[in-house]
Amino acid sequence: MGRRKTQKIIRTGPKNATTGMCPACNTIGKVFLLGPPGKERGKCEKCRQEFEI
């Protein structure tokens, strides 16, 4: 009987998130990217404000 190989679970964050500064509340943190490529808008995690990138 052989050794059972288990797959290691790799935790990844959301694909549409990056780190940046929010122009509304001036905090540096997670910024979500919304919209299709080329017309993206950012959304701050802290203050929930949407802004142009």
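**Student:** If you had to explain the pattern of salt bridges to someone new, which residues and values would you point to?
**Tutor:** As enumerated under the stated definition, the model contains three salt bridges in all. A salt bridge links Arg41 to Glu50, with the shortest nitrogen-to-oxygen separation between them at 3.4 Å. Accessibility expressed as a relative area gives 30% for Arg41, which makes it partly exposed. Of the charged contacts, one joins Arg41 and Glu52 as a salt bridge, the two residues approaching to 2.5 Å between their closest N and O atoms. Of the two residues, Arg41 is situated in strand β3 (residues 41-44) and Glu52 in strand β4 (residues 50-52); the sequence distance between them amounts to eleven residues. Assessed through its relative accessible area of 57%, Glu52 is described here as exposed. A cluster of three or more residues bridged by salt bridges with shared partners is formed by Arg41, Glu50 and Glu52.

**Student:** Please provide a residue-by-residue account of the state of the cysteines, values included.
**Tutor:** Under the criterion given, the structure shown has zero disulfides. The thiol sulfur of Cys44 is not disulfide-bonded, and the nearest other cysteine sulfur, from Cys47, lies at 3.7 Å. The closest cysteine sulfur to the non-disulfide-bonded Cys47 is located on Cys25, 3.6 Å from its own sulfur. Classification of Cys47 by relative accessible area gives partly exposed; the value is 29%.

The rules we used
Per chain, residue numbering runs from 1 following the sequence as it is written. Totals for whole chains, interfaces and linings use every residue, but because this is a predicted model, local features are given only for residues with pLDDT of at least 70 and side-chain atom pairs only at 80 or more, for both listing and counting. Here the side-chain values reflect all heavy atoms present in the structure, with hydrogen atoms and water set aside. Throughout this description, the term salt bridge denotes a Lys or Arg side-chain nitrogen within 4 Å of a carboxyl oxygen of Asp or Glu. Buried, partly exposed and exposed residues are distinguished by accessible area as a fraction of the type maximum, computed with a 1.4 Å probe on protein chains only: under 20%, between the cut-offs, and over 50%, respectively. Numbering of helices and strands runs from the N terminus; a helix is a DSSP stretch of H or I covering at least four residues, while a strand is a stretch of E covering at least two. Note on disulfides: each one is a pair of cysteine sulfur atoms within 2.5 Å.

The analysis is restricted to geometry; functional conclusions fall outside its scope.
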